[in-house]
Amino acid sequence: MKAFTQHRGLVGPMDRANVDTDMIIPKQFLKSIKRSGFGPNLFDELRYLDQGEPGQDCSDRPLNPDFPLNEPRYKGASILLARKNFGCGSSREHAPWALEDYGFKAVIAPSYADIFYNNCFKNGVLPVILSENEVDELFQELASDEGYHLNIDLAAQTVTTDSGKIFSFELDEFRKECLLSGLDEIGLTLTSSDLIKEYEIEREKQHPWVFGAIK
Amino acid sequence: MAGKTLYDKLWDAHLIKQNDDGSSVLYIDRHVLHEVTSPQAFEGLRLAGRSPWRLDTNIATPDHNISTDREERDAGVSGIPDEISRIQVKTLDDNCDHFGIKEFKMNEMGQGIVHVMGPELGATMPGMTVVCGDSHTATHGALACLAHGIGTSEVEHVLATQCLVTKKMKNMRVTVNGEVGHGVTPKDIVLAVIGKIGTAGGNGHAIEFAGSVFRDMSIEGRMTVCNMAIEAGARVGMVAVDEKTIRYCEGRQFVPKGDLWNQAVTYWKTLVSDDDAEFDSEIEMHAEDIAPQVTWGTSPEMVAPVTAIVPDPKDQPEGDRRKGMIRALEYMGLKSGMPITSIVVDRVFIGSCTNSRIEDMREAAIVANGRQVASTVKQVLIVPGSQMVKAQAEAEGLDKIFIQAGMDWREPGCSMCLAMNADKLGAGEHCASTSNRNFEGRQGNGGRTHLMSPAMAAAAAVAGHIVDVRPWLSEGEAR
Ligand code: SF4
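Owing to the predicted nature of the structure, the values given are computational and were not obtained by experimental measurement.

What counts, and where the lines are drawn
- All residue numbers here refer to positions counted from 1 along the written sequence of the relevant chain.
- Each chain gets a letter, beginning with A, and each ligand a number, beginning with 1, in the order they are written.
- Only residues with pLDDT of at least 70 get local features here, since the model is predicted, and only at 80 or more are side-chain atom pairs given and counted; chain-wide, interface and lining totals rely on the full set of residues.
- For the side-chain quantities, the full set of heavy atoms in the structure was used; hydrogens and water were omitted.
- Helix numbers and strand numbers start at the N terminus; a helix is a DSSP run of H or I with at least 4 residues, a strand a run of E with at least 2.
- Burial status follows relative accessibility: with a 1.4 Å probe on protein chains alone, a residue under 20% of its type maximum counts as buried, one over 50% as exposed, and anything between as partly exposed.
- Note on definitions: a residue-residue contact is assigned when non-hydrogen atoms from the two residues lie within 4.5 Å.
- To be clear on the numbers: accessible area is Shrake-Rupley with a 1.4 Å probe, and residue cover counts the displayed protein chains and nothing else.
- Counting rule applied: Lys, Arg positive; Asp, Glu negative; His and chain ends not counted.
- A charged residue contributes its charge at one atom only: NZ of Lys, CZ of Arg, CG of Asp or CD of Glu.
- UniProt positions are given in the numbering used here, feature names are shortened, and annotations may be inferred rather than shown by experiment.
- The way it works is a 1 Å grid over only the protein atoms, where trapped points that fit a 1.4 Å probe form a cavity and open points with protein on both sides within 12 Å along at least five of seven lines form a pocket, and then any residue with an atom within 4 Å of a point lines it.
- Note on pairing: DSSP must find at least two bridges between two strands before they are called paired.
- A fitted line through C-alpha atoms represents every axis, and for helices the fit uses only the stretch in contact; the resulting angles, taken between N-to-C directions, go from 0 to 180 degrees.
- We call a residue near a molecule or strand when any one of its heavy atoms sits within 4 Å of it.
- Any molecule with more than half of its atoms within 2 Å of a cavity's or pocket's grid points is regarded as sitting in that cavity or pocket.
- For every domain, the bounds stem from an assignment made automatically or drawn from a database.
- Here the quantity called buried area is the total loss of accessible area, with a 1.4 Å probe, experienced by two parts when brought into contact, counted for both.
- Here, a salt bridge means any Lys or Arg side-chain nitrogen found within 4 Å of an Asp or Glu carboxyl oxygen.
- As used in this structure description, the phrase polar contact means that two N or O atoms lie within 3.5 Å; if the pair is within protein, one of them must be able to donate a hydrogen and the other to accept it, and residues adjacent in sequence are counted only when both atoms belong to side chains.
- When residue character is reported, Ala, Val, Leu, Ile, Met, Phe, Trp, Tyr, Cys and Pro are called nonpolar, Asp, Glu, Lys and Arg charged, and the others, Gly included, polar.
- Within 6.5 Å between ring centres, the rings of Phe, Tyr and Trp (the latter by its six-membered ring) count as paired, and their orientation is classed by plane angle as stacked under 30 degrees, edge-to-face over 60, tilted in between.
- Grid points are joined across faces, edges and corners, and a volume is the space filled by probe spheres set on the points.
- Side-chain atoms within 4.5 Å link the members of a nonpolar core, which is a set of buried Ala, Val, Leu, Ile, Met, Phe, Trp, Tyr and Cys residues.

### Quick look at the overall build of chain A
Thinking step 1. Counting secondary structure elements, chain A contains eight helices and seven strands.
Thinking step 2. Viewed in the frame of its principal axes, chain A has a C-alpha envelope of about 65 × 45 × 25 Å.
Thinking step 3. Buried residues in chain A amount to 57% of all 215 residues.
Thinking step 4. For chain A, restricting intrachain contacts to residue pairs at least 6 apart in sequence, the fraction spanning at least 24 positions comes to 65%.
Thinking step 5. Carbon and sulfur atoms make up 50% of the accessible area of chain A, which amounts to about 8600 Å² in all.
Thinking step 6. Side chains of chain A carry 23 positive and 35 negative charges; the gap between the two charge centres is 5 Å.

Have a look at this one:
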């Protein structure tokens, strides 16, 4: 997986609760067998006025002027500021793939749906959790400051504003370590191969029907 | 020391290693694959020069993307008109052939929606850990499995290692006791639960559904309930083993026979929460309070009894919730105060891994029998969840009932649940749907979804608008 250590970037808003993965990347784009190229279709239904189809050139599609991320001031945003239960719905990893491909390195929200949260770490996108009040505060600062940047430090677990305010966030140690080092998780699990094999031998003695049925 | 919950038992039985950093390595017994979330995982495996850890654990089938139209299906994979879809289905076939994974191909007996096909073939059994690159994997928990959805990176991880690196969830118990009203189905119960705890209420938790209502429910009904645990934010939903669970499993294709069967049953009977087990949170509801449910908004928690009116955002305190309601009503084209039963439907969809099993087909057929679809309704899709459900329904003559009523009897697949194929809503159209998500655009760009039970959806098809199905059913007809 890709590593994440520190990032300073322009902040873009997604000011609604319960943003689901269908909204992040609509289903017609899930037909792709690739991992990349989803960025132009991130938030497709909100972002464009026409209906998007896979394989289409998005550069001349009509943009929805009411969608904040289409405003010039948010061009190049790499930190998405969002509301609670972000990423709910389907398990599609295409959601973090689309965020990453668009250029987002991190999301900041009060809470996430479990599967989406998990999927972000696998793709070097850091989902930061701050309290609702803190997120409110960031939304206010963002509204009044064109070119609003934030600084995220994963090792220190902090989000810092340019004016010097510091917000701390929590995350699991193992997720943090994996992301900091960009570890190959499969390779890491395979270092426990012997343990897995021992487990299988023991388990097959106890629950033999779990093995061998599907051929 | 307190006893163990069902979830604790399943977890402990599959724990390989507890890491110092709080994560755990958990063994996976069954891995179900489909065409949409697996291609990148297989590609990753190939690029790293790895092969599957164990072959006899994986089972695959195409479902999300495929056509439900008989003629198109008869043309086979090479006849799928949309090129990108064709490549995806073909890629699954190729990957399964290449790696030697058991697949039920598009038109083979056994094929179906992953969560319908797994249990009905006996590929998922009590006590197993079950994963699939699909969030509705919780369905399999109806058989007392520890089952949940995973992302594509994890699909690759499970293929390569037979394990997941994960963290234990918290325990939540949802207890519903009491008499279930006439015409109230498992779908209504679970929608009412989601209405109560909210779409994020179960985040970080494994839910066990307990109480007389779930005990009395069929396994198919329990699957409908567990299926929607994810709509309450919980990746896992479960019901403990009882006699019904065991009877359901008996004789299915991949279920053991003879001595092995007896051995399995002895173990399965231990898969219940201990009396003194402690849950991190408890929710209690009474069946008497639950009427048939209909969603009016764009999130499954935006649900109300069919007898209610569309709620007013102004009754909510200011904040995200109120804003969400205002946006939802605007998207849905509804006004506060209008009766739910005044909502006119343009299309009806009866299907999806929530409600496409044989019981659901029967429930819809009871309502459709001898009646006609309203002339204002453009289309009624009846999509059985699997080839086996389809065959069974046809053996019972249900297909004829639907066709005589003016409904479309289709080939098995996900269909208009997520509208990746040609089955979709037009902008602004209202749909009475037995699926699980009413998100904006879920069933087609601009489409408006109302979630409900198969009986309610069939009644809406006949009435042309949402209607309380209860007076249509004689006592004893509804489950
Ligand atoms: S029927 Fe719908 S929810 Fe179920 S697996 Fe298919 S797309 Fe997912």
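Let's pick the thread back up.
### Digging into the UniProt feature "binding site: [4Fe-4S] cluster" (unreviewed entry) in chain B
Residues and elements named next belong to chain B.
Thinking step 1. According to UniProt, the "binding site: [4Fe-4S] cluster" (unreviewed entry) feature falls on C353, C414 and C417. These residues run over 65 residues, yet every pair of their C-alpha atoms falls within 8.6 Å of each other. Lining residues of the largest cavity, restricted to the annotated ones just named, are C353, C414 and C417.
Thinking step 2. With relative accessibility at 7%, the residue C414 sits in the buried group.
Thinking step 3. Residue contacts for C414: discarding those within four places in its chain leaves D63, H64, I113 and F349.
Thinking step 4. Relative to the assigned elements, C417 resides in the loop between β17 (408–409) and β18 (430–433).
Thinking step 5. The class for C417 is buried, based on a relative accessible area of 7%.

### Digging into the sheet that holds strand β1 (residues 6–14) of chain A
Residues and elements named next belong to chain A.
Thinking step 1. Spatial ordering of the open sheet is given by β4-β3-β2-β1-β5-β6-β7, a layout of seven strands whose pairing is mixed. Each edge of the open sheet carries a strand with a single partner, namely β4 (126–129) and β7 (166–168). The sheet shows a mean angle of 30 degrees between the axes of neighbouring strands, direction not considered.
Thinking step 2. One ladder, built from four bridges, connects strand β5 (residues 149–153) with strand β6 (residues 158–161); its direction is antiparallel. Each bridged residue has a counterpart across the sheet, and for D153 the counterpart in β6 is T158.

### Re the site of the ligand
Residue and element names in this part refer to chain B.
Thinking step 1. For the ligand, the full set of nearby residues is H64, I113, H115, D134, H136, S352, C353, C414, C417, L418, N436 and R442.
Thinking step 2. Its atoms largely coinciding with the cavity grid, the ligand occupies the largest cavity.
Thinking step 3. In terms of domain composition, the shell around the ligand takes at least three residues from each of domain 1 (1–291) and domain 2 (293–472).

### A look at the sheet that holds β18 of chain B
Residues and elements named next belong to chain B.
Thinking step 1. Ordered by their spatial adjacency, five strands build an open sheet running β17-β16-β15-β18-β19, and the pairing between neighbours is parallel. Strands at the two margins of the open sheet, each flanked by one partner only, are β17 and β19 (448–451).
Thinking step 2. Bridging between β18 and β19 involves four bridges; their strand directions are parallel. Residue pairing across strands places H430 opposite R448, the latter belonging to β19.
Thinking step 3. Relative to strand β15 (residues 347–350), helix α16 (residues 454–463) is tilted by about 155 degrees, and along the sheet it contacts β15, β16 (379–382) and β18.

### What about the pairing of strand β6 (residues 129–132) of chain B?
Residues and elements named next belong to chain B.
Thinking step 1. Here β6 shows two buried faces, one formed by T129 and V131 and the other by V130 and C132.
Thinking step 2. With three bridges joining them, strand β3 (residues 30–33) and β6 adopt parallel strand pairing. Looking at β6, one finds that V32 is bridged to C132.

### Looking at the interface of chain A and chain B
Thinking step 1. Residue-level contacts link 64 residues of chain A with 81 residues of chain B.
Thinking step 2. Considering only the surface of chain A that becomes buried against chain B, K31, W209 and I214 of chain A emerge as the three largest contributors, covering 15% of it.
Thinking step 3. Where chain A packs against chain B, one counts seven salt bridges.
Thinking step 4. For the salt bridge of R50 of chain B with D184 of chain A, the shortest nitrogen-to-oxygen distance reads 3.0 Å.
Thinking step 5. At the junction of chain A with chain B, the criterion picks out 31 residue pairs in polar contact (both at pLDDT 80 or more).
Thinking step 6. Counting only elements with at least two residues in the side of chain A that touches chain B, the list comes to α3 (94–102), α4 (114–121), α6 (173–181), α7 (185–190) and α8 (193–206) of chain A.
Thinking step 7. Per-element accounting of the side of chain A that touches chain B gives the leading share, nine residues, to α8 of chain A.
Thinking step 8. Residue classes in the side of chain A that touches chain B are distributed as 21 nonpolar, 18 polar and 25 charged.

### Observations regarding the packing of aromatic side chains
Thinking step 1. Inspection of the entire model under this criterion finds 17 aromatic pairs over all chains.
Thinking step 2. With centroids separated by 5.4 Å and ring planes inclined at 75 degrees, the aromatic side chains of F86 of chain A and F116 of chain A adopt a geometry described as edge-to-face. Of the two residues, F86 of chain A is situated in the loop between β2 (79–82) and α3 and F116 of chain A in helix α4; the sequence distance between them amounts to 30 residues.
Thinking step 3. Both rings, one in W209 of chain A and one in W268 of chain B, keep their centres 6.4 Å apart while their planes meet at 90 degrees; by these two values the pair is edge-to-face.

### A word on the environment of A234 of chain B
Residue and element names in this part refer to chain B.
Thinking step 1. Structurally, the position occupied by A234 is in the loop between α9 (219–227) and β11 (236–238).
Thinking step 2. For the pair A234 and I207, spaced 27 residues apart in sequence, the C-alpha separation works out to 6.6 Å.
Thinking step 3. Ignoring sequence-local partners within four residues, the contact set of A234 consists of G202, N203, H205, I207 and A229.

### Quick look at empty space enclosed by the protein
Thinking step 1. According to the stated counting rule, one finds six cavities of 30 Å³ or more in the structure shown.
Thinking step 2. In this model, the largest cavity occupies a volume close to 230 Å³.
Thinking step 3. Along the walls of the largest cavity sit 24 residues, with S90 of chain A together with H64, D134, L418 and R442 of chain B positioned nearest its centre.
Thinking step 4. A class-by-class count of the residues in the lining of the largest cavity yields eight nonpolar, 11 polar and five charged.
Thinking step 5. The space that makes up the second largest cavity amounts to roughly 140 Å³.
Thinking step 6. As for the second largest cavity, its lining consists of 16 residues, of which C88, G89 and A113 of chain A together with I230 and G233 of chain B are closest to the centre.

### Considerations on the nonpolar core
Thinking step 1. Grouped together as the largest cluster of nonpolar side chains are 110 residues, with contacts concentrated most on F43, F86, I108, L126 and I152 of chain A.
Thinking step 2. In terms of residues, this core owes the most to one element, α16 of chain B, which gives seven residues.
Thinking step 3. Each residue touching F43 of chain A, except ones within four places of it in the same chain, is listed here: M14, V19, M23, I24, F67, L69, L80 and F86 of chain A.
Thinking step 4. In terms of nonpolar packing, the next biggest core, distinct from the first, is built from 81 residues, A142, C145, I290 and V303 of chain B among them.

### Describing the side chain of H450 of chain B
All names here are of chain B.
Thinking step 1. For H450, the location among the structural elements is in strand β19.
Thinking step 2. Here the side chain of H450 touches H430 through a polar contact of 2.9 Å, side chain to side chain.
Thinking step 3. In this view, H450 contacts V294, T295, W296, M332, L334, I343, H430, C431, A432, S433 and I466; residues no more than four positions away in its chain are not counted.

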